[in-house]
Number of protein chains: 2
Amino acid sequence: MIAFLTWWKKKPELKTVEPFKTVLSGDREAMAKFTMKDLEMILAATLSGMSVDEFNVEARKWLETASDPRWKRLYTELIYQPMVEVLRYLRDNGYKTYIVTGGGQDFVRVYSERVYGIPPEQVVGTAGGTKFEYGKDGKPFLTKEPKLLLNDNNAGKPEGIHLMVGRRPYAAFGNSTGDREMLEWTGAGAGARLMMLLLHDDAIREYAYGPAAGLPDSKVGTFTPELYDEAKKKNWTVISMKNDWKRIFSF
Amino acid sequence: MIAFLTWWKKKPELKTVEPFKTVLSGDREAMAKFTMKDLEMILAATLSGMSVDEFNVEARKWLETASDPRWKRLYTELIYQPMVEVLRYLRDNGYKTYIVTGGGQDFVRVYSERVYGIPPEQVVGTAGGTKFEYGKDGKPFLTKEPKLLLNDNNAGKPEGIHLMVGRRPYAAFGNSTGDREMLEWTGAGAGARLMMLLLHDDAIREYAYGPAAGLPDSKVGTFTPELYDEAKKKNWTVISMKNDWKRIFSF
């Protein structure tokens, strides 16, 4: 959701209108509930007509300076050390690793390789269409279109994995209700499959949110009691950030 | 286009109606001109409501027995030896190889690994949406939807590569006008890029069609004089099947 860059500086009149108001509120729970129509409105207002190359330049520029106000670190430095380790461990053992995110596919692709060792083609995210056009010099380029092809949240995650990968994962990791369907679909495969959910229960070192397990019903993220119960019932592993992670960030 | 299996046995009334009539005519040139609407009609009439798993079973079954009337070989045996060799050569030198096809993505994925050594996630093709649902036993599955996400022909090829891969190819190979935009987009990248077009000019050992280079204007495929001229002008390599290929098929 940090992919919308600085559009509101150019179009201030949108600041008080939905779904733009929600984007600026930073309420991730509300944003995860955006419909295809909401996302298409955002896409149309913010990125349409921008070339793919321009978008990449803008995104790179933004990532070079944008930092988190609490940690005073670049967003690309705020990555979990255990996540980096498990990705490396899986790759060392012959697995291909993917990021499957509700975030913008083109945006995450800009930093995925450098930050997680995951190349652009192994990022599945919320994706819009593009249009092939020719410049005045006859050189072709791709422009971002207002048409949304994939809303990669909830049921959109397994659907997106099918579209982009075409096979079922052997292991899936999540940390919110938006990952439920992806874990269900992974678990429905034959043979051994690994499903893991990270519970953010460490307000001191990071954040604590539920409302599962008596944790605060925060706007940072959502991990419902229903998801927690399903995980326990289906023998998915629930990782406690507080108790199971010796180190949180990679920096 | 062989992905439509045996739908016409179930819905004979469609045989005389467009775009179904064209599909059954085997006129590949006409099929390459299908609009998104034509393809959505075909998708809706033939595959919608079928689960992804059922589709894979059907496709595998069909491929086990379907053979070409002229060569009397399974379609999966009718692959070009030089194509197999160049794919292997590129992979041995650190390149990741993809199939980018106007054919159905889910269909080509069924045999791409076995036949070309290309895994499902490296197939970019014409793709419809899917829907995540639960069976009566609570087990989730994906169903094929009548919504088309990508018409992977012409401009749809670079658009599809951007969606599925997110970077520009270093080398691109084609054999018809449907590949033009993909080669143009490849060639527009910085540094050295390789663009190659195969001219089917060998009626004895395979097929001959143009209308480029005075070859017959056949229904098997289309290679226009405009494409030929563009290739010459832009220094793309045009391969003559007749003169440059010692061996054609792998069998």
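Residue indices begin from 1 for each chain and proceed along its sequence in written order. Chain A is the first chain written and ligand 1 is the first ligand written, with later ones labelled in order. Given that this is a predicted model, residues contribute local features only at a pLDDT of at least 70 and side-chain atom pairs are listed and counted only at 80 or more, while totals for whole chains, interfaces and linings are drawn from all residues. Hydrogens and waters are ignored; side-chain quantities use all the structure's heavy atoms.

Participant: I tried to follow the overall build of chain A on my own but got confused; where do I start?
Facilitator: The secondary structure content of chain A amounts to eleven helices and eight strands. We compute the radius of gyration from the C-alpha atoms alone; for a globule the expected value is 2.2 Å times N to the 0.38, where N is the number of residues. Radius of gyration (C-alpha) of chain A: 19 Å, near the 18 Å computed for a compact globule of 251 residues. Counting all 251 residues of chain A, 51% fall into the buried class. Contacts between residues were defined by any pair of non-hydrogen atoms, one from each residue, lying within 4.5 Å. If you take every contact in chain A between residues at least 6 apart in sequence, the share linking residues at least 24 apart comes to 53%. Helix numbers and strand numbers start at the N terminus; a helix is a DSSP run of H or I with at least 4 residues, a strand a run of E with at least 2. Burial here depends on accessible area, computed with a 1.4 Å probe over protein chains only, as a share of the maximum for the residue type. Under 20% is buried, over 50% is exposed, and the range in between is partly exposed.

Participant: Can you walk me through the relation of the copies chain B and chain A in this structure?
Facilitator: Relating one copy of the chain to the other takes a rotation about an axis and a shift parallel to that axis. In superposing the copies, a least-squares fit is computed on C-alpha atoms, taking residues whose pLDDT is at least 70 in both. The two copies are related by a screw motion: chain B maps onto chain A through a turn of 180° and a shift of 0.0 Å along the axis, at an RMSD of 0.0 Å. The transformation just described matches what one would write down for a two-fold rotation axis. An overlap of 100% is found between the interface residues of chain B and their copies at the interface of chain A, pointing to a shared contact surface.

Participant: Whenever I open this one, the sheet that holds strand β8 (residues 237–240) of chain A confuses me. Can you help?
Facilitator: Strand pairing within a sheet occurs via backbone hydrogen bonds; the two strands may be parallel or antiparallel. All names here are of chain A. With respect to topology, three strands assemble into an open sheet ordered β6-β7-β8, the strand pairing being parallel. What marks the edges here is a single partner per strand, and that holds for β6 (171–174) and β8. Going from strand to strand, the sheet's axes swing by 20° on average, the running direction of each strand aside. Relative to β8, strand β7 (residues 194–199) runs parallel, the two sharing four bridges. What sits directly across from L197, in β8, is V238. Any two strands with at least two DSSP bridges between them are considered paired. Every axis in this analysis is a line fitted to C-alpha atoms, fitted for helices over the stretch in contact. Angles between the N-to-C directions lie between 0 and 180 degrees.

Participant: Explain the packing of aromatic side chains here, please?
Facilitator: The description of an aromatic ring pair uses the distance of the two centres, along with the angle that the planes make with each other. Ring pairs are drawn from Phe, Tyr and Trp, using the six-membered ring of Trp, whenever the two centres fall within 6.5 Å, and their geometry is named by plane angle: stacked under 30 degrees, edge-to-face over 60, tilted for the rest. Per the counting criterion, the structure on display carries 18 aromatic pairs over all chains. Ring geometry for W62(A) and Y75(A): centres 5.8 Å apart, planes at 5°, overall stacked. Of this pair, W62(A) sits in helix α5 (residues 52–65) while Y75(A) is found in the loop between β2 (73–74) and α6 (81–92), placing the two residues 13 residues apart along the sequence. Every member of this aromatic cluster is reached through a ring pair, and the members are W71(A), Y80(A), W245(A), F249(A) and F251(A). Ring-over charges, as used throughout, are those where CZ of Arg or NZ of Lys falls within 6 Å of the ring centre and within 35 degrees of the ring normal. Geometry around F55(B) places K144(B) over its ring, the cationic atom sitting 4.4 Å from the centre.

Participant: Got a minute to help me understand helix α9 (residues 180–187) of chain A in this structure?
Facilitator: Three or four residues apart is the spacing at which side chains of an α-helix point the same way, because the helix has 3.6 residues per turn. Most of α9(A) is tucked away: six of the eight residues are buried. Among all positions of α9(A), only E181(A), M182(A), L183(A), E184(A), W185(A) and T186(A) are buried.

Participant: I would appreciate a short explanation of the interface of chain B and chain A in the present structure.
Facilitator: Often, the extent of an interface is quoted as the loss of accessible area upon association of its parts. Counting residues at the interface gives 38 residues for chain B and 38 residues for chain A. Taken together, the two surfaces of chain B and chain A that pack against each other cover about 3100 Å², and 54% of this comes from carbon and sulfur. Definition used for salt bridges: Asp or Glu carboxyl oxygen within 4 Å of a side-chain nitrogen of Lys or Arg. Here chain B is connected to chain A by four salt bridges. Measuring nitrogen to oxygen at the nearest pair gives 2.8 Å for the salt bridge that ties E121(B) to K96(A). Ten residues, namely Ala, Val, Leu, Ile, Met, Phe, Trp, Tyr, Cys and Pro, are considered nonpolar, four, namely Asp, Glu, Lys and Arg, are considered charged, and the remaining ones, Gly among them, are considered polar. Residues of the side of chain B that touches chain A, tallied by class, amount to 18 nonpolar, five polar and 15 charged. Buried area: the sum, over both parts, of the accessible surface (1.4 Å probe) that disappears when the two are put together.

Participant: Is there a simple way to think about the environment of R167(A) in this case?
Facilitator: Its location among the elements puts R167(A) in the loop between α8 (156–164) and β6. Taking the C-alpha atoms as reference points, R167(A) and G128(A), 39 residues apart in sequence, are found 22 Å from one another. When neighbours within four sequence positions are excluded, R167(A) is seen to be in contact with I161(A), W185(A), E113(B), P119(B), P120(B) and E121(B). A polar side-chain atom of R167(A) sits 3.0 Å from a polar atom in the side chain of E121(B). Pairs of N or O atoms are called polar contacts if they sit within 3.5 Å, as long as, within protein, a hydrogen donor faces a hydrogen acceptor (for residues adjacent in sequence, only side-chain-to-side-chain pairs).

Participant: Teacher, can you tell me more about the pairing of β6(A) here?
Facilitator: Remark: a regular strand shows side chains that alternate across the two faces of the sheet. Here β6(A) shows a buried face lined by A172(A) and G174(A) and an unburied face lined by A171(A) and F173(A). By the criterion used throughout, a crossover qualifies as right-handed when its path from the first strand across the helix to the second strand runs clockwise, the strands pointing away from the viewer. This β-α-β element, β6(A) to α9(A) to β7(A), shows right-handed connectivity.

Participant: So what exactly am I meant to see when it comes to the side chain of D68(A) here?
Facilitator: Examined against the element boundaries, D68(A) turns out to sit in strand β1 (residues 67–68). A relative accessible area of 12% means that D68(A) is categorised as buried.

Participant: Please explain the environment of W245(A) as it appears in this structure.
Facilitator: With respect to the helices and strands, W245(A) occurs in the segment after α11 (241–244). A C-alpha to C-alpha distance of 41 Å links W245(A) and S51(A), two positions 194 residues apart in sequence.

Participant: I tried to follow the packing of helix α7 (residues 105–116) of chain A against helix α8 (residues 156–164) of chain B on my own but got confused; where do I start?
Facilitator: For any two helices packed against each other, one specifies the crossing angle of their axes together with the interaxial distance. As a packed pair, α7(A) and α8(B) sit with axes 10 Å apart at the nearest point and diverge in direction by 60°. Judged by the inter-axis angle, α7(A) sits oblique to α8(B). Here Q105(A), D106(A) and R109(A) of α7(A) lie close against α8(B), whose contacting residues are H162(B), L163(B) and M164(B). Among the residues making up the contact of α7(A) with α8(B), the classes are represented as two nonpolar, two polar and two charged. An angle counts as roughly parallel when it lies under 35 degrees, as roughly antiparallel when it exceeds 145, as roughly perpendicular when it falls between 65 and 115, and as oblique in every other case.

Participant: Is there a simple way to think about the confidence of the model for chain A in this case?
Facilitator: A low pLDDT means the predicted coordinates there should not be read in detail. Taken over all residues, the pLDDT of chain A has a mean of 91, while the share at 70 or more is 96%. Here the prediction assigns the complex a pTM of 0.90, and the interface score ipTM is 0.90. The quantity called pLDDT is the predictor's confidence in a given residue, expressed from 0 to 100.

Participant: What should I look at first to understand the pattern of salt bridges in this one?
Facilitator: Two side chains with opposite charge may pair up if their charged atoms get near one another. Within the structure shown, the criterion is met by 26 salt bridges over all chains. The partner of D179(A) in a salt bridge is K157(A), and the shortest N-O contact between them spans 2.7 Å. Separated by 22 residues along the polypeptide, D179(A) in the loop between β6 and α9 and K157(A) in helix α8 bring together distant segments of the chain. We classify D179(A) as buried; its relative accessible area is 5%. Of the charged contacts in the structure, one is a salt bridge between E181(B) and R180(B), with a shortest N-O distance of 3.6 Å. What makes E181(B) buried here is its relative accessible area of 9%. Salt bridges sharing partners connect three or more residues here, namely R180(A), E181(A), E184(A), E230(A) and K234(A).

Participant: When you look at unusual backbone geometry in this model, what are you seeing that I'm missing?
Facilitator: Working note: non-glycine residues mostly have negative phi, and peptide bonds are mostly trans. Residue and element names in this part refer to chain A. Residue E18 is joined to P19 through a cis peptide bond whose omega torsion reads 0°. Among the structural elements, P19 can be located in the loop between α1 (7–10) and α2 (20–25). Look at the link from G210 to P211: it is a cis peptide, with omega at 15°. One can find P211 in the loop between β7 and α10 (225–233). For N154, which is not glycine, the phi torsion reads 55° and is therefore positive.

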